[in-house]
Amino acid sequence: MPTRFLTDDQIAQFGRFAAVPPDQEALERFFFLDDADRELVATRRGDHNRLGFALQLVTVRFLGTFLTDPLDVPLVVLDYVAAQVGVGDPSCVKRYTEREKTRLEHQWEIAQVCGFVSFASAQDSLVEWLDRQAYTTGDGPKALFVAAVGWLRERRVLLPGVTPLVELVAEVRQAAETRLFDLLAGAVAAEQAGLLESVLQVPEGQRRSQLDLWRRGERSTSGRGMVAALARVASIAGLEMRRVDVAGVPTRRVIELARYGMAAKAPKLARHPYRRRLATLLATVRWLEVTATDDALELFDVFMSNELIGRASKASDKEKLRRQPGYARHAAVLRAAVEVLLESDGWGEGIPVEVVWDAIETAVGSRARLRAAVDGVAEMIPPSGADPDGQWRAAVVERFNTVRPFLRLLSEVIEFGATADARRVLDAMRSLPQILDTRPSERIPKGWADARKVDVDLVPGGWWQRLVFPKGRPEGTVDRNAYVFCVLELFHTGLKHRDIFAVASDRWSDPRARLLTGQRWAEVKDAALGALQLPEDPDELLAGHAADLDGAWRAVGGGIVPDGPVSIDAEGRLHVAKDDARDFPPSLIDLRDRTGAMLPGVDLPEVILEVMAEYPAFGEAFTAVSGGGTRLKDLHVSIAAMLTAHALNVGLKPVLADLPALTRDRLAHVDQHYLRPENYAAANAVLIEAQATIPLARLWGGGLVAAVDGMRFVVPVRTADARANPKYFARKRGVTWLNMVSDQAIGLAGKVLSGTPRDTLNVVDLVYNPDGGPQPEVLITDAGSYSDVVFGIVTLLGFDYRPVLADLPDAKLWRVDALADYGVLDKTARGRVDLDKIRRHWPDVLRVIASVHTREISAHDVIRVLQHDGRLTDLGEAVAHYGRIFKTLHVLTFADDPDYRRHLKGMRNLQEGRHSVGRHVFHGRKGELHQAYHAGMEDQLGALGLVLNCITLWNTLYLNHALDALRSQEYPVLEADAVRLSAYQYKHINVHGHYSFALPDLDGARRPLRDPDAFEE
């Protein structure tokens, strides 16, 4: 049936009022009759005609169509409209349907007056629009159906019946899909088609198809692992599918098709019609080359950072400890000799040198011993201008054999590009295989390289100079191994900064190429700058900011009093006394205890299922990867089971049962085809919207304030996506789940990061792409996220940035007017904002910020554009100077306003509360994440975030229910106490053992609340 992508309830409700009647806000918004409406209604004769006419008028505006029975409206709508048209007895409207012609005449008149047109007159335009939507977006039939209804209502086209519209959507979507497959398949030559077909076959001696083998990346962070990862890239790139011209196909469609090909099993792909199969394989192989390149470079990054540099640093430290006794002996000898020299100043003038040497030899034993001490100490002194902690370079050179196997492959298999400054490093990297292939000769012994064939000027000063050009080397040579590692380190550094980048890559590509330029910049410039409220001429804007900053300095300085909470030390540093803890009045304590005790006891799967039952769109968000409808009965039960297994980190065994929806095969199928990030985001949007409708949540906040922080997980399996950090993972490695929560306590988005990088590089991307709800306006982060350039980027994007300040006295504060006198704070304002630098670079600043706003480039990559060799570029400095204005305003407000500080702390506590529930829920396998691939981590932690939001929403619903129950019992519920209740409670939720997937028959009501005064064992 063509309507299978709609449920029976959705079909029955199409073009009709929902079962839940409109609330007062909806009545006032959609069913209000203005003066012109009332004049039109007043021309009817009889109360029943006036009321019937008015009902048809508001109905078509609200539903987009006329009802077959115009009286089939909720009673609240009937009463609300009757009151507006002055009909005292709404029941008189029953007479309106006695004459069928009257109803039809009124519909025709309303359509004429209000500008409604028939579906037939707009069908061709709808088909054309739907075709573009289906072809460019790849949306599923349900999404297209909803979009089509929106299109019709926006243009005041009367909705047709549900079946004709469903059939039209399905037909247009099928035609767009066929055109897509034909275009992609037609771009593939016959020989290439044969190569694509071959990847579905199982190679001899293997148990999986070549496609399945390619989809699994290498996990071993070793030289052999690098060889395997690069061999994977070479094998995929060998098909040369990136040379196939797909310019006529939207990039989004290619990626969506590739995502399906990455998830579907080879036998299923083989059963598809030829052109669809070929198109899917083409998109999949093209994307596989990108992901394989990303995986290989991620592995290379880990290998360099951990296996080479990390281990060499440990070896160097051990060597220092081993030599420490010798260094101490040498230091004692040198000390004795220097003491003699210092004492010789008092011996008088004209003392022969021999006398001094005799005294030194008497003190130290002999000149040879003194020479040995000098030579011994010289070994521990770094070269001039060198990194004092860079002695590990000598240790890493000794591990040459670990990198030799993959050096040739790295430069040959992956196509790299570079900026002008990094071009020499890339050229040197490409020449390494030639240097390694040079055979030893009489002039160039083994282990040495011809200095004429290497870029000796590329070797930086310090340790590498000492290692590459050691004393006593054969003339015209350099140390081969040291030169190779020198180039490798420079290459790795350039790759991390994206001065060197991979052409066929996503994560390691050139960020500069994504910035808006030329015609594209001209097209979006006005709209983007209008949305960001940024002028092309910054003079007035900067003058206003300068005035605000000057006023803040004077206001805060004028409010500082002796023995007050704010003080200034002798160096001009700002200090703020610790705020007093908030009081916990007895009424709050009792309310917390009572509402917590009233929450019903429940299994975690029941929480998920109850949320699904309360909000059907939540379960409907889990669509199949193919985009079609599901034929699985009780799919919601299977999804709840898989969410439970992932969130609890317990695997499938505890959720299996002797039910069709809970068998191992069924759950594995659902996991593979229905659980993916885009479905999580769609489902989370439903939860975010639902939370915003609960009175208690609205009491907590308006949803426009968000806090971002990371939750850390140890990853004990071998993977390139986990990094070491002793602070969080001891001797193991792990990942950070960066997540954002609103002031309504609901999680808005999440992102998995390798290890524990600074949140500054990812916070903006997270807050700019919430799963649902309004975009936050105020952003609160931890203490590690307030660099000047990040302040600039976040503020330019329109957010009010409020990071927690951990080292307030050390924060450098800035002024605009160098001559201004700020009294006691004059010494505190020791930095000066360069407005002229901002003005000079303002056009480029606008282009960069608009590129982030339009999603052309991530804020994470913009930071790379604004830096070079770890230092800010001139453009980066301009952004940083802009950020210093708002950073200083933030610090001054933080120091001056205790409510401001308390709000920051409250949001941080909210985030910690969510993480506390997360740690309690994610208890299986010691709370460690056993996923070897980034996609698996995203899937599992995405499920955790979704389940945490289910718990939050469920708790909020029942806390609100408990408050209503207490009010009905005349218990004094104070709003000041209710606002301090927490949705992050979990003692009443069972997360251990086996779990129930059966809901009690609630008949649309809530579970019974527990008696808070009852005694429990």
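Residues numbered from 1 in each chain as written. Predicted model: local features only at pLDDT ≥ 70, side-chain atom pairs only at ≥ 80, totals over all residues. Heavy atoms only, no water.

Taken together, the side chains of Arg207, Arg208, Arg216, Arg219 and Arg718 make up a positively charged region of the molecular surface. When you line up the elements, Arg208 lands in the loop between helix H10 (190–198) and helix H11 (210–214). Using a relative accessible area of 46% as the deciding quantity, one classes Arg208 as partly exposed. (Patch = residues over 30% accessible without salt bridge, like charges linked within 9 Å, V, L, I, M, F, W, Y side chains within 5 Å. Areas by Shrake-Rupley, 256 points an atom, 1.4 Å probe, with all protein chains shown as cover. Salt bridge = Lys/Arg side-chain N within 4 Å of Asp/Glu carboxyl O. Lys, Arg positive; Asp, Glu negative; His and termini not counted. Charge placed at Lys NZ, Arg CZ, Asp CG, Glu CD. Helix = DSSP H or I, 4+ residues; strand = E, 2+ residues; numbered from the N terminus. Buried < 20%, exposed > 50% of the residue type's maximum accessible area, 1.4 Å probe, protein only.)

Let us now look at unusual backbone geometry. You will see that Asp634, though not glycine, has its phi angle at about 55°, which is positive. Structurally, Asp634 can be placed in the loop between helix H27 (616–620) and helix H28 (635–648). A relative accessible area of 37% places Asp634 in the partly exposed class.

Here we take up the environment of His920. With respect to the helices and strands, His920 occurs in helix H39 (residues 898–921). With relative accessibility at 24%, the residue His920 sits in the partly exposed group.

Attention now moves to the pairing of strand S10 (residues 733–742). Most of S10 is tucked away: nine of the 10 residues are buried. Strand direction decides the pairing type here: strand S8 (residues 705–714) and S10, joined by nine bridges, are antiparallel. Of the residues in S10, the one forming a bridge with Arg712 is Thr736. Pairing of strand S9 (residues 723–724) with S10, which is carried by two bridges, proceeds in the antiparallel orientation. The residue of S10 that forms the bridge with Ala724 is Arg733. As judged from the seven bridges shared by S10 and strand S11 (residues 747–754), these two strands associate in the antiparallel manner. (Pairing = 2+ DSSP bridges.)

Further remarks concern the confidence of the model for the protein chain. When pLDDT is averaged across the protein chain, the result is 87; 94% of the residues are at 70 or more. Helix H35 (residues 835–840) holds the highest mean pLDDT among the elements of the protein chain, 95, whereas helix H18 (residues 392–397) holds the lowest, 71. (pLDDT = per-residue confidence, 0-100.)

Let's shift gears to the environment of Ala724. Considering the arrangement of structural elements, one finds Ala724 in strand S9. Considered as a pair, Ala724 and Lys653 are 71 residues apart in the sequence and their alpha carbons are 31 Å apart. Residues contacting Ala724, with those up to four places away along its chain left out, are Asn306, Phe729, Lys732 and Arg733. (Contact = heavy atoms within 4.5 Å.)

With 14 residues, helix H8 (residues 141–154) should cover 20 Å at 1.5 Å per step; its first-to-last C-alpha distance of 20 Å lies within 8% of that length. Those residues of H8 not exposed but buried are Pro141, Leu144, Phe145, Ala148, Val149, Trp151 and Leu152. Relative to the axis of H8, the buried residues are bounded by an arc of 160° and lie together on one face. H8 presents Val146 and Glu154 as exposed residues on the side facing more than 90 degrees away from its buried surface. Those residues of H8 that are buried lie in contact with helix H7 (119–137) and helix H9 (162–186). Looking at the residues trailing H8, positive phi occurs at Arg156, about 55°. (Expected span 1.5 Å × (residues − 1). Arc of directions from axis to C-beta.)

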